[in-house]
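# Results of the structural survey
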Amino acid sequence: MSAEMENSLVDRVALVTGGAVRLGRETVLALAERGARVAFTYSSSREDAESLLAELGDGHLALPCDVTEEEEVEAAFQAVDAELGRLDLLVNNAAIFEPPVDFADLTTETWRRHLDVNLTGSFLCAHRAGERMRKQEDGGLIVNIGCAGGLRPWPKYLPYSVSKAGVLMMTQCLARALAPKVRCNAVLPGPVLLPERYDVKQADKAIARTVLKRAGRPQDVVRAILFCWDSDYTTGAFIPVEGGRLLT
């Protein structure tokens, strides 16, 4: 059997958290195009989720789920079990990235909100995915969506940076804990699909911090996720897709 056939996503099952909008949506569409049966979670984007599910057609699944609530995460995974029968790929994409806050104005609520969604939510999903995957003969893959802010201190985004640093360490811990059957990697997007709240000045500033001096495209990140699937000898890796932001 060729490597291409071995790594095919045809009839494989993928779950993308926060998959109804933005990068999550593009990831769902790309996985489905590669032949996967895709489940995706959404929290407040019900109309977007319904629209995406209609675009995908039969064989896919949209799941309402707050990833910070353990009961809802468990219900989502049980729905994947019941409707799709297995799980081969988890993309931990659900996250929040709130406006900058000076240290003096930082609240415990803001801190907890970022840690709950970005780190604890990713752990809850990875824990359930890993338990399922390592019982399968052919294992599986977890891809966590990280950020350059997890490797560089962003003081005005302190809770966000800390949460993403935790995601990166969790990635490496999972790569060891779930080996050899289950692989775990992190993809680190840069200025790709910039926050809608950004004005032109903020967008230009974010792009200027890259070496390539241009914004990325969702497809750039999706290709990195697909690389993690295709390259079955890669685990515990951080894959930057950030235009050289980490070099500055």
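To be clear, the structure that these remarks concern was listed above.
### Comments concerning the pairing of strand E1 (residues 13-16)
Residues Val13 and Leu15 point to one face of E1 and Ala14 and Val16 to the other, with burial holding for every one of them. Both E1 and strand E2 (residues 37-42) contribute to a ladder of 4 bridges, which runs parallel. For leucine 15, the partnering residue across the bridge sits in E2 and is alanine 39. Crossover E1 to E2 through helix H2 (residues 22-33) is right-handed.

### Regarding the sheet that holds E2
If you walk across this open sheet you meet the 7 strands as E3-E2-E1-E4-E5-E6-E7, and the pairing is parallel. Because the sheet does not close on itself, it has two edges, and the strands there are strand E3 (61-64) and strand E7 (238-241). Each strand axis lies, on average, 20° off the axis of its neighbour in the sheet, ignoring direction. In this sheet, E3 lies alongside E2 in parallel orientation, the contact comprising 4 bridges. Within E3, the position partnered with phenylalanine 40 by the bridge is alanine 62. Packed onto the sheet, H2 meets E1, E2, strand E4 (89-92) and strand E6 (182-189) and runs at close to 175° relative to E1. Where helix H5 (residues 108-133) meets the sheet, its contacts fall on E4, strand E5 (140-145) and E6, and the angle it forms with E4 comes to roughly 170°.

### A look at the nonpolar core
One recurring pattern in soluble globular proteins is that nonpolar side chains are buried together. Leu31, Phe40, Leu89 and Val187 are the most contacted members of the largest nonpolar core, which totals 33 residues. Of all the secondary structure elements, the ones that give two or more residues to this core are E1, H2, E2, helix H3 (46-56), E4, E5, helix H8 (218-230) and E7. Per element, the largest residue contribution to this core is 7 residues, and it comes from H8. If you look at the next biggest cluster of nonpolar residues, it comprises 27 residues, including Leu15, Leu90, Leu124 and Ala175.

### Focus on the packing of H2 against H8
Viewed as axis vectors pointing N to C, H2 and H8 meet at an angle of 55°, and their least axial separation amounts to 10 Å. In this view, H2 runs oblique relative to H8, as classed from their interaxial angle. Between H2 and H8 lies a crossing of right-handed hand. Facing Leu23, Glu26, Thr27, Ala30 and Leu31 of H2, the residues of H8 in contact are Pro218, Val221, Val222, Ile225 and Leu226. Of the residues belonging to the contact of H2 with H8, the class tally is 8 nonpolar, 1 polar and 1 charged.

### What to know about H8
Taking 1.5 Å per residue, 13 residues should reach 18 Å; H8 reaches 18 Å between its end C-alpha atoms and fits that length. Along H8, the residues that are buried comprise Pro218, Asp220, Val221, Val222, Ala224, Ile225, Leu226, Cys228 and Trp229.

### Regarding the pairing of E4
Here E4 shows no split at all, with Leu89 and Val91 on one side and Leu90 and Asn92 on the other all buried. Bridge analysis of E1 against E4 gives 3 bridges, and the strand direction is parallel. Note on E4: the bridge partner recorded for valine 16 is valine 91. With 4 bridges joining them, E4 and E5 adopt parallel strand pairing. Within E5, the residue paired with leucine 89 across the bridge is leucine 141.

### Points about the packing of H5 against helix H6 (residues 158-177)
In contact at an axis separation of 8 Å, H5 and H6 are set at 20° when each is read in the N-to-C sense. Taken together, the axes of H5 and H6 lie roughly parallel to each other. Regarding H5 and H6, the two cross each other, and that crossing is right-handed. In contact with Thr110, Trp111, His114, Leu115, Asn118, Leu119, Ser122, Phe123 and Ala126 of H5, H6 contributes Leu158, Pro159, Tyr160, Val162, Ser163, Lys164, Gly166, Val167, Met170 and Leu174. For the contact of H5 with H6, a count of residues per class yields 12 nonpolar, 6 polar and 1 charged.

### Notes on a nonpolar patch on the surface
A contiguous nonpolar surface patch, about 320 Å² in accessible area, is contributed by Val211, Leu212 and Leu247. Residue placement: valine 211 occurs in the loop between helix H7 (200-208) and H8.

### Topic: H7
Side chains three or four residues apart in an α-helix point the same way, a direct result of the helix having 3.6 residues per turn. Turning to H7, its buried residues number three or more, namely Ala203, Ala206 and Ile207. For H7, the arc enclosing every buried residue in end-on projection is 95°, short of the 170-degree limit, so these residues lie on one face. Between a side-chain oxygen at the N-terminus of H7 and the backbone nitrogen of lysine 201 the separation is 3.1 Å; the capping residue is aspartate 199.

Definitions and limits used
Residues numbered from 1 in each chain as written. Predicted model: local features only at pLDDT ≥ 70, side-chain atom pairs only at ≥ 80, totals over all residues. Heavy atoms only, no water. Buried < 20%, exposed > 50% of the residue type's maximum accessible area, 1.4 Å probe, protein only. Helix = DSSP H or I, 4+ residues; strand = E, 2+ residues; numbered from the N terminus. Pairing = 2+ DSSP bridges. Right-handed = clockwise from strand over helix to strand, strands pointing away. Axes fitted to C-alpha atoms, helices over the stretch in contact; angles between N-to-C directions. Contact = heavy atoms within 4.5 Å. Core = buried A, V, L, I, M, F, W, Y, C linked by side-chain atoms within 4.5 Å. Parallel < 35°, antiparallel > 145°, perpendicular 65-115°, else oblique. Left-handed = near helix turned anticlockwise from the far one by under 90°. Nonpolar A, V, L, I, M, F, W, Y, C, P; charged D, E, K, R; others polar. Expected span 1.5 Å × (residues − 1). Patch = residues over 30% accessible without salt bridge, like charges linked within 9 Å, V, L, I, M, F, W, Y side chains within 5 Å. Areas by Shrake-Rupley, 256 points an atom, 1.4 Å probe, with all protein chains shown as cover. Salt bridge = Lys/Arg side-chain N within 4 Å of Asp/Glu carboxyl O. Arc of directions from axis to C-beta. Polar contact = N/O pair within 3.5 Å; in protein donor to acceptor, adjacent residues only side chain to side chain.

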